[in-house]
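Notes for the structure review
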Amino acid sequence: MAARAVRVALVGCGTIVQHHLKALQQSSHAATVTAVVDVDRGRAEELAALLPRAQQEDSTEALKVFTSLTDALQWGEFDAVIVMVPHHLHEPLATECLQAGKHLLLEKTMAHTVESCQNILKQAEGAQQVVMVGENSIFWPEVQKAKELIESGTIGEPYFAQANYWESIGSMTFYEDIPTEDDWFFDPARAGGGVLMNGATHWIRPLRLWFGDIVEVVGTLGYPYKLVRQKSESLAHAMLRFGSGKTAVLHCHYTDIPMYP
């Protein structure tokens, strides 16, 4: 007998949800979306309309739309939740999910403050559910290949790495719309930071995978991107030292100059 499909609730219907839908469709384990949640009901309904019709017509797996996670959890006909909302909302929504006994995939970044991250981790440690942060860079083929080459000794023993991350906000293709000055993405109180928090994490995680935990950081921040000047950093340079004794440098930069078509 085939295993029952995992029933999933999608919380947050911004651009990133399309990438999660694609992943669910390509997963080797069957999954079906039974709930879509967004404070903008119209946006949630638009997403729901894109899902396979069978999910909307099957009475046992009927797809429902909600404007709050609380309401969705009261209904409860799902096993796991994917949370894709601004970072300052991660802790309260993660808490609701875990208290309701739901498995949780929390979009990176984990939260907007260290305290919130620690609170989420504390709850996850005592939970029986699967809890994961959606930092996918450690699964990139090139990152896994580098790990294989390092561990096999094929390229010798690396002692240093340099990571470079640039993102052209002025020609962003990842997002439906180029973020504006009022977007949460550029608000430190909601995002927790700028280029380091929103993008550079994709480069920090592979460095930790290859070299171990970071024990010391020296760095500097800059604010050259005119849209976010004096709000969140759009430029950062850091020198990292790992517990293994290895070192690395990290350079990251937001720009409004198109870097690709």
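See the structure shown above.
Residues numbered from 1 in each chain as written. Predicted model: local features only at pLDDT ≥ 70, side-chain atom pairs only at ≥ 80, totals over all residues. Heavy atoms only, no water.

**Thoughts on the packing of helix α5 (residues 90-99) against helix α6 (residues 114-125)**
A packed helix pair is summarised by two numbers, namely the angle formed by the two axes and the spacing between the axes. Taken N-terminus to C-terminus, the directions of α5 and α6 make an angle of 10 degrees; their axes are 9 Å apart at the nearest point. Put simply, α5 runs roughly parallel to α6. In this structure, α5 uses His90, Glu91, Ala94, Thr95 and Leu98 to contact α6, whose residues at the interface are Ser116, Asn119, Ile120, Gln123 and Ala124. (Axes fitted to C-alpha atoms, helices over the stretch in contact; angles between N-to-C directions. Helix = DSSP H or I, 4+ residues; strand = E, 2+ residues; numbered from the N terminus. Parallel < 35°, antiparallel > 145°, perpendicular 65-115°, else oblique. Contact = heavy atoms within 4.5 Å.)

**Some thoughts on the packing of aromatic side chains**
Overall, the coordinates contain ten aromatic pairs when judged by the stated rule. Judged by centre distance (5.8 Å) and plane angle (80 degrees), the rings of Trp140 and Trp203 are edge-to-face. With Trp140 in the loop between β6 (131-134) and α7 (141-152) and Trp203 in helix α9 (residues 195-211), this residue pair connects regions lying 63 residues apart in the sequence. With relative accessibility at 25%, the residue Trp140 sits in the partly exposed group. Centroid distance Tyr165 to Trp203: 4.9 Å. Interplanar angle 50 degrees. Geometry classified as tilted. Highlighted residues: Tyr165 in strand β7 (residues 160-168) and Trp203 in helix α9, separated in sequence by 38 residues. (Phe/Tyr/Trp six-rings, centres within 6.5 Å; stacked < 30°, edge-to-face > 60°. Buried < 20%, exposed > 50% of the residue type's maximum accessible area, 1.4 Å probe, protein only.)

**Observations concerning unusual backbone geometry**
A cis amide bond, omega 0 degrees, links Lys108 with the succeeding residue Thr109. Structurally, Thr109 is set in the loop between β5 (103-107) and α6.

**Remarks on the side chain of His20**
Among the structural elements, His20 can be located in helix α1 (residues 16-26). When its relative accessible area of 12% is taken as the criterion, His20 is described as buried. Here the side chain of His20 touches Glu107 through a polar contact of 2.8 Å, side chain to side chain. The contacts of His20, once residues within four sequence positions are left out, are Ile82, Met84, Leu105 and Glu107. (Polar contact = N/O pair within 3.5 Å; in protein donor to acceptor, adjacent residues only side chain to side chain.)

**Description of the sheet that holds β7**
Taking strand neighbours across the sheet as the criterion, the four strands line up as β7-β10-β9-β8 in an open arrangement whose pairing is mixed. What marks the edges here is a single partner per strand, and that holds for β7 and β8 (214-222). Strand after strand, the sheet turns through a mean of 10 degrees between neighbouring axes, direction not considered. Packing against the sheet, α9 makes contact with β7, β8, β9 (235-242) and β10 (247-255), and its axis sits at approximately 160 degrees to β10. (Pairing = 2+ DSSP bridges.)

**Topic: α7**
Look at α7: 16 Å from first C-alpha to last across twelve residues, which is about the 16 Å you get at 1.5 Å a residue. Among the residues of α7, Val143, Ala146 and Ile150 are the ones counted as buried. Looking straight down α7, one finds its buried side chains confined to an arc of 60 degrees; they lie on one side. Opposite the buried face of α7, at more than 90 degrees from it, the exposed residues are Pro141 and Glu151. Taken from the residues just after α7, Gly153 is the one with a positive phi, measuring 80 degrees. (Expected span 1.5 Å × (residues − 1). Arc of directions from axis to C-beta.)

**Overview of the nonpolar core**
By size, the foremost hydrophobic cluster in this structure holds 23 residues, and its most contacted members are Val11, Phe78, Val81, Val83 and Leu104. Elements with a minimum of two residues in this core: β1 (6-11), β2 (31-37), α4 (69-75), β4 (80-83), α5, β5 and α6. By residue number, the principal contributor to this core is α5, which donates four residues. Ignoring anything within four residues of it in the chain, the contact list for Leu104 reads Val81, Val83, Ala94, Cys97, Leu98, Val130, Val131 and Met132. Ile169, Phe186, Leu207 and Ala248 belong to the second-largest nonpolar core, a separate cluster that totals 19 residues. (Core = buried A, V, L, I, M, F, W, Y, C linked by side-chain atoms within 4.5 Å.)

**Topic: the packing of α7 against α9**
In contact at an axis separation of 10 Å, α7 and α9 are set at 20 degrees when each is read in the N-to-C sense. Overall, the two elements α7 and α9 adopt an arrangement that is roughly parallel. For the pair α7 and α9, the sense of crossing is right-handed. Mapping the contact onto sequence places Val143, Gln144, Ala146, Lys147 and Ile150 in α7 and Pro206, Leu209 and Trp210 in α9. Tallied by class, the residues present in the contact of α7 with α9 amount to six nonpolar, one polar and one charged. (Left-handed = near helix turned anticlockwise from the far one by under 90°. Nonpolar A, V, L, I, M, F, W, Y, C, P; charged D, E, K, R; others polar.)

**Some details on the sheet that holds β6**
Pairing is parallel in the open sheet, where six strands are placed in the order β3-β2-β1-β4-β5-β6. The open sheet is flanked by β3 (64-66) and β6, the only strands paired with a single partner. Neighbour to neighbour, the strand axes of the sheet diverge by 25 degrees on average, direction disregarded. Here β5 pairs with β6 via four bridges, running parallel. What sits directly across from Leu104, in β6, is Val131. Contacts from α5 reach β1, β4, β5 and β6 within the one sheet, and its direction differs from that of β5 by about 170 degrees.

That's the geometry; what it means functionally is another story.
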